[in-house]
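If you want the building blocks of each chain, they are given just below.
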Amino acid sequence: MPPKSDSVEGMRPCFHPIQIPNLSSPADLSPDFTHPLLGLIGASGDPGPYIPLSVSYAGIVLTFVNEQNRPLNSQNVADALQKFSLKKTAVQKALDALADSAQISFKEYGKQKIYLARQDQFDIPNGEELEEMKKANSKLQEEIAEQKKITSEVESEIKSLQSNLTLEEIRSKEAILQSEVQEMEEKLNKLQSGVILVKPEDKKIIEESFSERVTQWRKRKRMFKELWDNITENSPKDLKEFKEELGLEYDEDVDVTIQPYSEMLASLSKRRKVSR
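What this report covers is the structure whose coordinates are included nearby. (Residues numbered from 1 in each chain as written. Predicted model: local features only at pLDDT ≥ 70, side-chain atom pairs only at ≥ 80, totals over all residues. Heavy atoms only, no water.)

With respect to the packing of helix α6 (residues 200-232) against helix α7 (residues 239-246)
Then step 1. For the pair α6 and α7, interaxial distance at closest approach is 12 Å and the crossing angle is 115°. Here α7 runs roughly perpendicular to α6, going by the angle between their axes. Considering how the two elements wind past one another, α6 and α7 form a crossing that is right-handed. For the pair α6 and α7, the contacting residues are Trp-228, Ile-231 and Thr-232 in the first and Leu-239, Phe-242, Lys-243 and Leu-246 in the second.
Then step 2. For the contact of α6 with α7, the residue count by class is 5 nonpolar, 1 polar and 1 charged. (Axes fitted to C-alpha atoms, helices over the stretch in contact; angles between N-to-C directions. Helix = DSSP H or I, 4+ residues; strand = E, 2+ residues; numbered from the N terminus. Parallel < 35°, antiparallel > 145°, perpendicular 65-115°, else oblique. Left-handed = near helix turned anticlockwise from the far one by under 90°. Contact = heavy atoms within 4.5 Å. Nonpolar A, V, L, I, M, F, W, Y, C, P; charged D, E, K, R; others polar.)

So, the pattern of salt bridges
Then step 1. Applying the stated criterion across every chain, the model contains 6 salt bridges.
Then step 2. A salt bridge links Arg-118 to Asp-120; its shortest N-O distance comes to 2.5 Å.
Then step 3. When its relative accessible area of 29% is taken as the criterion, Arg-118 is described as partly exposed.
Then step 4. The exposure class of Asp-120 is exposed, given its relative accessible area of 56%.
Then step 5. In this structure, Asp-229 engages Lys-225 in a salt bridge whose closest nitrogen and oxygen atoms are separated by 3.1 Å. One end of the pair, Asp-229, and the other, Lys-225, are both in helix α6, 4 residues apart, so they sit about a helical turn from each other.
Then step 6. We classify Asp-229 as partly exposed; its relative accessible area is 35%. (Salt bridge = Lys/Arg side-chain N within 4 Å of Asp/Glu carboxyl O. Buried < 20%, exposed > 50% of the residue type's maximum accessible area, 1.4 Å probe, protein only.)

Structural notes on the pairing of strand β4 (residues 112-117)
Within a regular beta strand, the side chains point alternately toward one face of the sheet and then the other, so they alternate between its two faces.
Then step 1. Summarising the sheet, strand β3 (residues 104-109) and β4 pair through 6 bridges and their orientation is antiparallel. If you follow Phe-106 over to β4, its bridge partner there is Tyr-115.
Then step 2. A loop of 2 residues connects β3 with β4, the two strands running antiparallel in sequence, and Gly-110 in this loop sits at a positive phi of about 70°. (Pairing = 2+ DSSP bridges.)

What follows is the structure, encoded as structure tokens:
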């Protein structure tokens, strides 16, 4: 198992030496391969065989490869270490140097190199340890499921509370309802006291106007239906499409129907007969 760590940055400084092969002079060292805080290693004239992993690009790469402990190519590593401003060229050099110094393993597949952490550095658990780890993992999974359930219940309660009115909104709504109740009570008191709210002559004018409009509505519906039936009797066109083409609308298209108004008119006529 690889050593536990939150991130590359969270690793403790390690001055594990890395062997840089085939480097005999400062000119052989690339600035891309060294940490900017160190400058060009070997500038004094003696590059030395080692650089500290805690501050070198190679150290960052090695720590990442060990943490991941899975097959990686140079692009994978470069993408993951962008926060260190590492270019792919520098990453490739670091990986090659680490592979040449046997600090990581690698295999070639055609033109591509695949790198992997050395497995002999990790403690491999035996069967009993694996079984214990499985049990611990199962227990943790149960705890996670329980926590998810609790979280879901809390989120549901929060959502329910957020959907409720605030105290200010409740007071505002209460004031509106009280105003409406007061207005209705005033109307009810007037009706109960026998006050005539509409004059008989005004009422008669309104009823006659209503009767005339409903009668005209019914008459025009009938006229249109007769005309429409004559026009479309032998028409090969789809009637619905033809109606849309002409821009015609039925009452039902605008959610209106004559039926309730006809019933009101019938009730009005019945009341008139009774009053006579």
